[in-house]
Amino acid sequence: MATVALDNVTKIYTGDTPSVANVSLTIGNGEFLALLGPSGCGKSTLLRMIAGLETVTSGELIINDRPVSGVHPRDRNIAMVFQNYALYPHMTIRENMEYPLKLQKVEKKSRNLKVEEVASLLEIREELDRKPDSLSGGQRQRVAMGRALVREPAVFLMDEPLSNLDARLRIQMRTEIVVLQRKLGITTVYVTHDQVEAMTMADRIVVINKGRVQQIGPPTEIYGWPANLFVAGFMGSPPMNFLQPEQSSRGVRMNGRKTAAPGHPDSRHVVVGIRPEDIHLGQADPDELSLHGTVAAVETLGAETLCHIATDVTVLTVEAGEVIPAAPGRNMLVVRMPGYRVDLQDKPVRLRADRNAVRFFDAESGRAMHLDSEDQFGPDMKGGLGLRRFKQVNDDRDGASLDGRPTGRQPQEKGNSK
Amino acid sequence: MRLRNKPMIGSKSGHFTDYLYRSRTDRWIMAALLIIMSLFWIVPILAAVDRALVFNGWRNFQDVIFGDIGGITIWRTYWNSFVIAFMHAGLVVGVSSLAGYGFAKFDFRGKEVMYYVTLVFLAVPATSILVPLFYITRELGLRDTFLGVALPEAALTLPFGVLLMRNFAETIPNAFIEAASIDRASHFRIYKDVFLPMSRPALLSLGTLSVMWSLQDFLFPSLLFTEREKTTAAQAVLRFKEYLGATPDDIGRYNASLVLLAVPALVVVIWGLRFITRGLAAGGIKE
């Protein structure tokens with residue numbers, strides 16, 4: 001077991017654009033940390049730097065208080081599960097699993113015992129004398145984990161290990177990996193582009209975009225209190241609705257109602273964000289946000305229904321860091337509601353949203369306003385889930401979650417670099 | 001060309017799909033052309049077999065197999081040929097696999113320049129290096145040794161070997177190398193334990209081709225061997241002719257020896273054809 005610390009780690013391949021820029025974070029002993037982001041965001045590069053498969057251009061990598069930036073992968077005491085598993089096709093499962101032990105010159109008897117022990121743990125004992133190509137995707141995945149586990153590594157690195165499995169198996173393996181990780185308590189760094197994987201498996205998520213850390217925090221916090229427009233739009237499926245408030249000098253207003261306390265200089269620079277599940281059918285109470293529109297399309301998912309509602313409010317989209325208003329007539333709100341609601345098709349509807357569920361972002365910087373000042377929110381906003389915690393974490397006013405510094409929430413965290 | 005609806009492969013009617021959508025006439029023309037082309041290869045061999053049987057019939061073959069011609073048996077020429085061929089193949093496979101692994105999996109200064117210089121030697125004809133080779137082998141004391149022939153042969157085959165092995169090595173995902181590296185394997189262990197076993201199709205293909213090409217080599221043995229006992233099968237075609245006269249008996253024996261001298265290369269090709277096709281195709285598709 002180990003702690004891993006990254007201090008201003010940067011990777012530049014060619015030119016001036018870094019693939020990974022100034023990442024600083026600490027991974028606690030036994031923690032399960034997910035690196036999440038879209039394709040090409042630098043998450044795999046970051047993992048490969050921890051593994052030693054990529055060099056670090058600048059910054060320092062520390063495993064168990066030992067700087068390892070220039071240390072060969074074999075001397076870092078890490079194990080890695082690759083996206084394509086990388087099981088040696090010419091070796092049996094037993095040979096695959098004992099190969100790392102053989103290289104450590106562990107004697108045959110001990111090797112066999114260890115392989116049998118891990119194979120029992122992963123329920124692949126029956127497969128030990130088979131070749132990888134005769135195994136199913138799930139079994140191969142287990143073998144890849146087994147090969148990593150026999151070495152009893154200090155840190156377990158996983159690079160999208162479930163992406164080659166079908167949806168059902170992915171859900172099953174997801175649970176198995178979490179149970180195993182909790183049982184063994186090995187510090188784990190897990191790369192994925194799948195937010196569901198990150199949300200369900202990780203103790204903390206690091207959201208990365210264009211090589212930069214966007215936010216670090218527990219899944220509920222990342223989902224509930226996104227640090228910026230990117231995180232808000234990336235997390236959740238369908239993503240958060242972004243709306244443009246009315247042009248007003250009297251604070252942020254929607255449909256004539258104040259949605260937050262006055263004080264913000266200009267509503268034109270504010271983006272209002274509401275999750276699809278936080279918008280409900282019905283007449284709004286005076287302290288609630290009120291919206292209305294016509295249901296243009298209904299998508300039924302069985303237990304719930306997604307309604308696409310044409311509305312008069314200007315709906316915004318965030319593309320490549322820019323906030324763009326939807327074309328006239330294309331202002332569609334997405335609302336998630338329980339049950340099977342095809343009856344709503346083409347119906348005019350009134351909608352309401354609790355103010356506690358509304359998030360505000362600066363349209364220029366994309367930054368969430370709850371990170372900057374408590375004063376900018378109405379009294380009812382202060383008690384929202386996670387806000388207080390967030391305020392405590394960010395008391396240093398540097399917007400820790402934005403620049404990649406650890407939030408300091410995890411009790412096991414040390415070395416909160418400042 | 002007309003498009004025709006045909007049943008798919010594996011259909012119950014037993015027909016196969018012609019993916020070129022050829023008409024019946026097209027197919028007949030193509031088959032006829034193929035038969036004519038194959039005659040160009042088959043006719044000389046059939047002619048040799050025919051002439052070997054004209055006088056004394058099969059006895060000519062018995063004489064060649066059980067006797068000797070000019071003090072050397074056909075078995076001795078086979079042995080010489082195979083010793084050189086396996087030395088050649090070993091050198092080519094060993095060096096090409098190392099070079100292919102290095103070129104595909106390592107980054108170093110001047111890598112691409114070195115690689116293209118290696119490939120340029122594909123175009124160098126053996127005849128252009130004969131004279132320097134003659135002197136070099138003499139200075140090194142390699143004249144009249146099997147190694148003295150296998151080495152220059154390998155030098156000429158290596159550019160192709162390196163090309164084949166690099167192409168193949170690039171189809172092996174880096175994750176295997178990285179996994180072994182994390183598992184604490186040294187570079188040599190990765191080469192030995194991971195790269196070589198995974199390159200088996202390409203290595204077998206290259207080895208088979210190397211054996212085949214060496215068995216067919218006439219030039220280097222003729223230049224570098226002066227001792228009669230070193231005569232190879234390909235070289236024996238000429239040497240036997242020096243000893244056999246223009247009598248009907250000798251013409252029969254000579255033609256019988258020609259047919260028999262072609263046998264080793266044919267056996268190697270027929271045995272190794274599956275490796276050759278599999279190995280060469282393996283480099284073409286990235287998985």
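Cut-offs and rules
Residues numbered from 1 in each chain as written. Chains lettered and ligands numbered in written order. Predicted model: local features only at pLDDT ≥ 70, side-chain atom pairs only at ≥ 80, totals over all residues. Heavy atoms only, no water. Helix = DSSP H or I, 4+ residues; strand = E, 2+ residues; numbered from the N terminus. Buried < 20%, exposed > 50% of the residue type's maximum accessible area, 1.4 Å probe, protein only. Areas by Shrake-Rupley, 256 points an atom, 1.4 Å probe, with all protein chains shown as cover. Pairing = 2+ DSSP bridges. Axes fitted to C-alpha atoms, helices over the stretch in contact; angles between N-to-C directions. Domains from an automatic or database assignment. Parallel < 35°, antiparallel > 145°, perpendicular 65-115°, else oblique. Left-handed = near helix turned anticlockwise from the far one by under 90°. Contact = heavy atoms within 4.5 Å. Nonpolar A, V, L, I, M, F, W, Y, C, P; charged D, E, K, R; others polar. Buried area = accessible area lost by both parts, 1.4 Å probe. Salt bridge = Lys/Arg side-chain N within 4 Å of Asp/Glu carboxyl O. Core = buried A, V, L, I, M, F, W, Y, C linked by side-chain atoms within 4.5 Å. 1 Å grid on protein atoms, 1.4 Å probe; cavity = no way out; pocket = protein on both sides within 12 Å on 5 of 7 lines; lining within 4 Å. Points joined across faces, edges and corners; volume = space filled by probe spheres on them. Phe/Tyr/Trp six-rings, centres within 6.5 Å; stacked < 30°, edge-to-face > 60°. Lys NZ or Arg CZ within 6 Å of the ring centre and 35° of its normal.

Trainee: In this structure, what is going on with the overall build of chain A? I would like to understand it.
Mentor: Counting its regular elements, chain A contains eleven helices and 22 strands. The 418 residues of chain A split such that 54% are buried. Taken as a whole, chain A presents about 17800 Å² of accessible surface, with 48% of it coming from carbon and sulfur.

Trainee: Is there a simple way to think about the sheet that holds strand β18 (residues 314-319) of chain A in this case?
Mentor: All names here are of chain A. What the five strands build is an open sheet, ordered β19-β18-β11-β14-β22; its pairing is antiparallel. Edge positions in the sheet fall to β19 (322-325) and β22 (359-362), since each of these pairs with one other strand and no more. For this sheet, the mean inter-axis angle between neighbouring strands, taken without regard to orientation, is 40°. The pairing of strand β11 (residues 241-244) with β18 spans three bridges and is classified as antiparallel. If you follow phenylalanine 242 over to β18, its bridge partner there is leucine 316.

Trainee: Got a minute to help me understand the domain arrangement of chain A in this structure?
Mentor: Accessible area lost when the parts come together is the quantity often used to give the size of an interface. Partitioning chain A into structural domains gives domain 1 (4-224) and domain 2 (238-377). Computed over C-alpha atoms only, the centres of domain 1 of chain A and domain 2 of chain A are separated by 38 Å.

Trainee: When you look at the packing of helix α7 (residues 174-182) of chain B against helix α8 (residues 187-198) of chain B in this model, what are you seeing that I'm missing?
Mentor: For any two helices packed against each other, one specifies the crossing angle of their axes together with the interaxial distance. Residues and elements named next belong to chain B. Where α7 meets α8, the closest approach of the two axes is 10 Å, and the angle between their N-to-C directions is 155°. By the angle between their directions, the pair α7 and α8 is classed as roughly antiparallel. As for the relative orientation of α7 and α8, their crossing is right-handed in sense. Of α8, the residues touching α7 (which contributes Phe176, Ile177, Ala180 and Ser181) are Ile190, Val194 and Met198. For the contact of α7 with α8, the residue count by class is six nonpolar, one polar and no charged.

Trainee: Help me out: how do you make sense of the sheet that holds strand β15 (residues 279-281) of chain A in this one?
Mentor: Within a beta sheet, neighbouring strands are joined by backbone hydrogen bonds and run either parallel or antiparallel to one another. All names here are of chain A. Read from one edge to the other, the open sheet built from five strands follows the order β15-β21-β16-β17-β20, with strand pairing classed as antiparallel. Bordering the open sheet on either side are β15 and β20 (332-338), each of which pairs with just one other strand. When strand polarity is set aside, the average angle formed by the axes of neighbouring strands in this sheet is 50°. Sheet topology places β15 next to strand β21 (residues 348-353); three bridges connect them, and they run antiparallel. Directly across from leucine 281, in β21, lies its bridge partner leucine 351.

Trainee: Before we go on, may I ask you to explain the interface of chain B and chain A in this structure?
Mentor: Contact with chain B, which involves 17 residues of that partner, is made by 24 residues of chain A. Buried surface at the junction of chain B and chain A, both sides included, amounts to about 1800 Å², of which 60% is carbon and sulfur. Considering only the surface of chain B that becomes buried against chain A, Ile182(B), Asp183(B) and Arg184(B) emerge as the three largest contributors, covering 40% of it. Where chain B meets chain A, there are three salt bridges. The salt bridge involving Arg151(A) is made with Asp183(B); its shortest N-O contact spans 3.6 Å.

Trainee: What am I meant to see in the nonpolar core here?
Mentor: Inside soluble globular proteins, nonpolar side chains tend to come together where they are buried. Formed by 63 residues in total, the largest nonpolar core has its most connected members in Leu6(A), Leu46(A) and Leu157(A). For this core, the element with the highest residue contribution is α7(B), accounting for six residues. The contacts of Leu6(A), once residues within four sequence positions are left out, are Val23(A), Ser24(A), Leu25(A), Leu46(A), Ile50(A), Glu60(A) and Leu61(A). The next biggest cluster of nonpolar side chains, apart from the first, holds 42 residues, and it includes Met97(A), Val118(A), Leu135(A) and Tyr190(A).

Trainee: How should the layout of surface pockets be read in this particular structure?
Mentor: A water-sized probe rolled over the atoms picks out the places where empty space is left. Roughly 740 Å³ of volume is contained in the largest pocket. Along the walls of the largest pocket sit 23 residues, with Arg48(A), Gly52(A), Leu53(A), Lys105(B) and Glu178(B) positioned nearest its centre. Elements that contribute at least two residues to the lining of the largest pocket include exactly α3 (74-105), α7 and α8 of chain B. At four residues, the largest contribution of residues to the lining of the largest pocket is made by α7(B). Residues that form the lining of the largest pocket fall into these classes: eight nonpolar, eight polar and seven charged.

Trainee: Where do I start with the packing of aromatic side chains in this structure?
Mentor: Here the distance between the centres and the angle between the planes together describe a pair of aromatic rings. One pass over the full model with this rule turns up 18 aromatic pairs over all chains. Considering the side-chain rings of Trp58(B) and Phe61(B), the 5.3 Å spacing of their centres and the 40° angle between planes classify their relative orientation as tilted. Trp58(B) gets classed as exposed once you look at its relative accessible area, which sits at 58%. Given the relative accessible area of 10%, Phe61(B) is considered buried. Residues Tyr101(B) and Phe195(B) carry aromatic rings whose centres are separated by 4.8 Å and whose planes lie at 35° to one another, so their mutual orientation is tilted. On the criterion of sequence distance, the pair formed by Tyr101(B) in helix α3 and Phe195(B) in helix α8 is long-range, its members being 94 residues apart. Here Tyr101(B) matches Phe195(B) in class, with each residue buried. Within the aromatic cluster, the residues linked to one another by ring pairs are Tyr101(B), Phe106(B), Phe188(B), Tyr191(B) and Phe195(B). The lysine or arginine in question, Arg147(A), covers the ring of Tyr88(A), its NZ or CZ lying 4.7 Å from the ring centre. Lying across the ring of Phe134(B), Arg143(B) places its NZ or CZ 4.0 Å from the centre.

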